[in-house]
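# Observations on the three-dimensional arrangement
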Amino acid sequence: MSSLVTSKDRPIDSRVVLAIVSVGILLSSLDLFIVNVALPDMARDFGDTQLSGLSWVLNAYAIVFAALLVPAGRLGDRGSNRATFLIGLAIFVLGSGLCSAAWNVQSLVAFRVLQAVGAAMLTPSSLGLVLAAAPAERRPMAVRLWVAFGGLGAALGPVIGGLLVEIDWRWVFVVNVPIGLAALAVGLRLLPQVCGDGGALPDVFGAVMLIGSIGTLILALVKGADWGWTSAGVLIAFAVAVVFGVAFRISSARHHSPVVDPALLRAPNFVLMAGNSLFFQIAFAGMLLSVVLWAQNVWGWTALKTGLAIAPGPLVVPLVAVLAGRFIGRVGAGPVIAAGGVLFAAGMVWWARAITLEPDYVGGLLGGMVVSGLGVGLTLPTAFAAGSAGLPPQRFATGSAVLSMSRQLGLAIGVAILVATLGSPTGQQATLDAFHRSWYVTAAVAVLAGLIGLGARMPKPVAAQQESVSEHVTA
């Protein structure tokens, strides 16, 4: 990859930029999943707290993270992605340290919200830095690596969480502090300054409406199973999400500096890849939660054993993400994304056909885990690269934030669909049938995601794009 030049005339290889920002992405992605395995220990530590109350430790993070992604991306594009990333990383580290010192559930939820604010700031700005640092012809590979780190963190969450809980659940948060501080220190020295487009402040009212719409939508999705899908609370949350969404659309159409520039929607592949990300993450969330529930609740495995059993799947993701570039050059992005969806579905069908009530790792769980991991490695990085390749340099962070938001929505919907598909079976055979049904549903959603992605075409970089990026990377 090409080099950038800092104010001290030191060449900065874009691989260095990718390495620095990937630490932040890995930490923020891990925290979406790593906390799951620690909930029972939290409940015991805080007394007789019900797990239903502790669920807000997960939900608060997911809601705030998804809702703030786009406004935070616009903030980075307008000002400085470097500053936005570093501030976000600092907030995330501070929130992690406070979470480790929480004295009750309420304080833990509040500190998790602070964590999510930092994660929302660093995620889109990190990709903005990576895209600005890489020459146009290398951006697809850089994006695939960036996404691979996020996918690796999401899938390895149960593994690392299981290991840390063996020490103490607070280490789930403590571990973020030294790693984050090291990345912050290196980033202050080596990350390049990428000038934003300046201009007027973005539509504040529109940003609030977007946050409200996404927040209430995810609230309805994650609490639908607990409150009841036809309950007043869920119906009101859906209605409020629609009202906020309409208000956001009207405000964006009228404001001179909308949060989401309509030009983004005309970028090649952008809308198509947002749809692919939404549906593939629905399948991914269903897969990950289902295997954790099955291994621990049916086979009786510990959190640590379950996490280690999952590990082979995510371990193949970075390797496949790198190799996918060769296939894209030969057959195009669309067929690679479609193949990933089919492979992921094949892994789910494997489980539905091979897993029984008798624990069998090699013949049952392992094969489906590895095959679905191959699908993740082909799909997620390629789709994100195809969706962001045609973005104008001044909208790197905002565009990546919209794509990331679609992924977070998919995760929330995927959990809701899995819960609804499983239901409340009684008896071992009924439980086995429910999980088999859920894996077939997950497979169908993955195939649908692949079909949506089939139309992707990787835009060819042009010299003008590369020159435009160079103009926005200053000393």
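None of these values were measured; they are calculated from a predicted model.

Tracing the chain through its elements places Leu-219 in helix α9 (residues 204–227). In sequence terms Leu-219 and Ala-241 are 22 residues apart; their C-alpha atoms lie 9.5 Å from each other. Setting aside its immediate chain neighbours within four residues, Leu-219 contacts Trp-56, Ile-63 and Trp-227.

All right, on to helix α15 (residues 317–331) then. Here α15 is 15 residues long and its end C-alpha atoms lie 20 Å apart, about the 21 Å a rise of 1.5 Å per residue gives. The sharpest bend along α15 comes to roughly 30°, located at Leu-323. All of the buried residues along α15 are Val-317, Val-320, Ala-321, Ala-324 and Ile-328. In the segment just after α15, Gly-332 is the residue with positive phi, at about 100°.

The next point concerns helix α13 (residues 303–310). The buried fraction of α13 amounts to 6 of the 8 residues, a majority that puts the element mostly inside the structure. Every buried residue belonging to α13 is among Ala-303, Leu-304, Thr-306, Gly-307, Ala-309 and Ile-310, and all of these are buried.

Glancing now at the nonpolar core. With 71 residues, the main nonpolar core has Val-21, Val-70, Phe-85, Trp-146, Leu-191 and Ile-214 as its most contacted residues. Contact partners of Val-21, with chain neighbours within four places excluded, come to Phe-85, Ser-126, Leu-129, Val-130, Trp-146 and Leu-191. Of all hydrophobic cores here, the second largest spans 37 residues; its members include Trp-294, Met-348, Trp-351 and Phe-435.

In this fold, Ile-413 is placed in helix α18 (residues 396–422). What makes Ile-413 partly exposed here is its relative accessible area of 23%. The sequence separation of Ile-413 and Ile-218 amounts to 195 residues, and the corresponding C-alpha distance is 8.0 Å. Once residues within four sequence positions are removed from consideration, Ile-413 is found in contact with Leu-221, Leu-278 and Ile-282.

In this section: a nonpolar patch on the surface. Among the surface-exposed residues, Leu-319, Leu-323, Phe-327 and Val-331 lie close enough to one another that they form a single nonpolar patch of about 380 Å² accessible area. In this structure, Val-331 sits in helix α15.

One way to put it is that α15 packs onto helix α17 (residues 361–388) with a least axis distance of 8 Å and a crossing angle of 60°. With respect to α17, the axis of α15 lies oblique. Both α15 and α17 take part in a crossing whose hand is right-handed. Note on element contacts: α17 touches α15 through Gly-373, Leu-374, Val-376, Gly-377, Leu-378, Pro-381 and Thr-382, opposite Val-317, Val-320, Ala-321, Ala-324 and Ile-328. Among the residues making up the contact of α15 with α17, the classes are represented as 9 nonpolar, 3 polar and no charged.

With their axes 8 Å apart at the nearest point, α9 and helix α10 (residues 232–254) run at an angle of 160° to one another. When the interaxial angle is binned, α9 and α10 end up roughly antiparallel. Considering only the axes of α9 and α10, their crossing is left-handed. Classifying every residue of the contact of α9 with α10 by side-chain character gives 15 nonpolar, 8 polar and 1 charged.

What follows deals with the environment of Ala-66. Considering the arrangement of structural elements, one finds Ala-66 in helix α3 (residues 51–78). C-alpha separation for the pair Ala-66 and Ala-401, spaced 335 residues apart in sequence, amounts to 9.0 Å. Beyond its immediate stretch of four places on either side in the chain, Ala-66 contacts Ile-214, Ile-218, Met-405 and Gln-408.

The next point concerns the side chain of Ser-100. Mapped onto the elements of the fold, Ser-100 is located in helix α4 (residues 81–100). Here Ser-100 falls in the buried class, since its relative accessible area comes to 16%. If we skip the residues at most four places from it in the chain, Ser-100 touches Arg-170, Phe-173 and Val-174.

Let us look at the pattern of salt bridges. Considering all chains together, one arrives at 1 salt bridge under this definition. Here Arg-170 makes a salt bridge to Asp-45, at a shortest N to O gap of 3.4 Å. Taken as a pair, Arg-170 in the loop between α6 (139–165) and α7 (171–174) and Asp-45 in helix α2 (residues 39–45) lie far apart in primary sequence, 125 residues in all. The partly exposed category is assigned to Asp-45, whose relative accessible area is 41%.

Calculation notes
Residues numbered from 1 in each chain as written. Predicted model: local features only at pLDDT ≥ 70, side-chain atom pairs only at ≥ 80, totals over all residues. Heavy atoms only, no water. Helix = DSSP H or I, 4+ residues; strand = E, 2+ residues; numbered from the N terminus. Contact = heavy atoms within 4.5 Å. Expected span 1.5 Å × (residues − 1). Bend = angle between axes of the 7 residues up to and from the residue. Buried < 20%, exposed > 50% of the residue type's maximum accessible area, 1.4 Å probe, protein only. Core = buried A, V, L, I, M, F, W, Y, C linked by side-chain atoms within 4.5 Å. Patch = residues over 30% accessible without salt bridge, like charges linked within 9 Å, V, L, I, M, F, W, Y side chains within 5 Å. Areas by Shrake-Rupley, 256 points an atom, 1.4 Å probe, with all protein chains shown as cover. Salt bridge = Lys/Arg side-chain N within 4 Å of Asp/Glu carboxyl O. Axes fitted to C-alpha atoms, helices over the stretch in contact; angles between N-to-C directions. Parallel < 35°, antiparallel > 145°, perpendicular 65-115°, else oblique. Left-handed = near helix turned anticlockwise from the far one by under 90°. Nonpolar A, V, L, I, M, F, W, Y, C, P; charged D, E, K, R; others polar.

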